[in-house]
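Analysis of the macromolecular model
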Amino acid sequence: MSLLNPSAAGLLRDARRIVVFTGAGISAESGVPTFRDDLTGLWAQFDAQRLATPEAFHADPDLVWGWYEWRRARVLHTEPNPGHLAAAAIEARVPGTVVITQNVDDLHERAGSRAPVHLHGSLFAPRCVAEAAHPAPVPELAAGVGEGRRIPPPRCADCGWLVRPGVVWFGEALPEAALTAAVDAAVACDLLLTVGTSGVVYPAAEIPRLAARSGATVIQVNPEPTPLDRVCEVNLRGPAAEILPALVAAAWKEI
Ligand code: BV8
């Protein structure tokens, strides 16, 4: 049942078990393109969804590794924005808050979030193609990576196979521990903030829906409507870097 004129700040202030669920939109104002932003330069001719697959990597490892290194370079040259900082502020204020992200950047960590749950892996966790148990060192960025170029991936020091990005590609299973932690947090929470996601990639997109089914209140922060509108109690239309800090200030300034 919708609360009449719910006060999002009041909902946040009164919540005891909070999940902050984020997608590429929370990193947009740090200058990191969202997953659906048109790709530029060398990647302009490709569709992200087709590049983010094992098939694409096996067909052209240098192209796909070059794309991920280009993305990693962009993340290294940017900073967390007030949206990431607000998520960390909620964590600091409400013990037990869980940040769950679909993003592969490290901006939540750099904003102070203790242990974000990475449903789709990380740009900073390369690993052996053959053996997930063979983590690989994060390499130095190759010369010219910023312009977007093909870069041959390194080789695994343990077995000599190619090293791949430590992300979850389309058609790959999510890391079991991360998915279990996300599901447990969604079922247990009383408030879930879904921030900057199109809510169309599964099974991650199921998390806000699961929280709603489990009785939590869901608040969405996104400039655009998404399929998650229908499970949200409150839709805050606008950019995360503006809305989230204002929400946190309103929630706890009122005390
Ligand atoms: C799997 C890592 C099975 C890589 C990514 C039903 C159930 C299960 C699976 C499926 C299913 N139906 C279809 C599938 C298959 C597929 C899928 O969901 N396809 C979609 C396209 C329909 N799912 C999979 O393949 C998953 N695996 O199911 O495996 C399996 C099981 C067992 C054994 C073997 C196999 C794996 C999916 C993971 C793919 N990897 N990322 C990389 O980053 O390169 S997904 C990638 O896209 C992101 O991580 C994210 O999760 C997803 C969507 O991106 P968003 O974060 O939402 O970003 P997006 O650009 O879409 O939207 C940005 C939003 O921000 C917008 O709404 C915009 O309005 C908003 N915004 C913009 N600016 C701002 C803002 N918001 C706030 N402030 C702003 N300033």
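Residues numbered from 1 in each chain as written. Predicted model: local features only at pLDDT ≥ 70, side-chain atom pairs only at ≥ 80, totals over all residues. Heavy atoms only, no water.

A word on the overall build of the protein
Looking only at helices and strands, the protein features 10 helices and eight strands. Relative to a compact globule of 255 residues, whose C-alpha radius of gyration would be 18 Å, the protein shows 19 Å and is just as compact. Taking the principal axes of the C-alpha coordinates as reference, the protein spans close to 60 × 30 × 30 Å. Taking all 255 residues of the protein together, the buried fraction comes to 51%. For the protein, restricting intrachain contacts to residue pairs at least 6 apart in sequence, the fraction spanning at least 24 positions comes to 68%. Averaging the coordinates of the 21 positive side-chain charges in the protein and doing the same for the 28 negative ones gives two points 2 Å apart. (Helix = DSSP H or I, 4+ residues; strand = E, 2+ residues; numbered from the N terminus. Rg over C-alpha atoms; globule rule 2.2 N^0.38 Å. Buried < 20%, exposed > 50% of the residue type's maximum accessible area, 1.4 Å probe, protein only. Contact = heavy atoms within 4.5 Å. Lys, Arg positive; Asp, Glu negative; His and termini not counted. Charge placed at Lys NZ, Arg CZ, Asp CG, Glu CD.)

What about the pattern of salt bridges?
Overall, the coordinates contain nine salt bridges when judged by the stated rule. Of the charged contacts, one joins D14 and R13 as a salt bridge, the two residues approaching to 3.9 Å between their closest N and O atoms. Classification of R13 by relative accessible area gives partly exposed; the value is 25%. Among the ionic pairs, E69 bridges to R72, the shortest N-O distance being 2.7 Å. Of this pair, E69 and R72 are both found in helix 5 (residues 61–76), three residues apart, which corresponds to roughly one turn of the helix. Residues E69 and R72 agree in their burial class; the two are buried. Taken together, the salt bridges that share partners define one network made up of E79, D106 and R110. (Salt bridge = Lys/Arg side-chain N within 4 Å of Asp/Glu carboxyl O.)

Concerning the environment of A86
Structurally, the position occupied by A86 is in helix 6 (residues 82–93). The class for A86 is buried, based on a relative accessible area of 4%. Along the chain, A86 and H118 lie 32 residues apart, while their C-alpha atoms are 18 Å from each other. Ignoring any residue separated from it by four or fewer positions in sequence, one finds A86 in contact with L244, P245 and V248.

Comments concerning the packing of helix 6 against helix 10 (residues 240–253)
Taken N-terminus to C-terminus, the directions of helix 6 and helix 10 make an angle of 30°; their axes are 7 Å apart at the nearest point. What the angle tells us is that helix 6 and helix 10 run roughly parallel. Crossing hand, helix 6 versus helix 10: left-handed. Here P82, G83, A86, A89, I90 and R93 of helix 6 come into contact with helix 10, specifically with A240, A241, L244, P245, V248 and W252. A breakdown of the residues in the contact of helix 6 with helix 10 according to their chemical character gives 10 nonpolar, one polar and one charged. (Axes fitted to C-alpha atoms, helices over the stretch in contact; angles between N-to-C directions. Parallel < 35°, antiparallel > 145°, perpendicular 65-115°, else oblique. Left-handed = near helix turned anticlockwise from the far one by under 90°. Nonpolar A, V, L, I, M, F, W, Y, C, P; charged D, E, K, R; others polar.)

Observations regarding unusual backbone geometry
Going from Y202 to P203, the amide bond is cis rather than trans, its omega being 0°. Looking at the secondary structure, you find P203 in the loop between strand 6 (191–195) and helix 9 (206–213).

Here's the deal with the domain arrangement of the protein
Looking at the assigned domains, one finds that the protein contains domain 1 (1–30 + 80–120 + 173–255) and domain 2 (33–77 + 124–167). Residue-level contacts link 12 residues of domain 1 with eight residues of domain 2. Carbon and sulfur atoms make up 64% of the surface buried where domain 1 meets domain 2, a total of about 710 Å² over both sides. When the area that domain 1 buries against domain 2 is broken down by residue, the three leading residues are A24, V104 and D106, summing to 44%. (Domains from an automatic or database assignment. Buried area = accessible area lost by both parts, 1.4 Å probe.)

Comments concerning helix 8 (residues 176–188)
Side chains three or four residues apart in an α-helix point the same way, a direct result of the helix having 3.6 residues per turn. Between the first and last C-alpha of helix 8 there are 18 Å, a value that for 13 residues agrees with the 18 Å anticipated at 1.5 Å per step. For helix 8, the set of buried residues is A178, A182, A185 and A186. Looking straight down helix 8, one finds that the buried residues subtend no more than 100° of arc, so they occupy a single side. Exposed residues on helix 8 whose side chains face more than 90 degrees from its buried face are E176 and A177. (Expected span 1.5 Å × (residues − 1). Arc of directions from axis to C-beta.)

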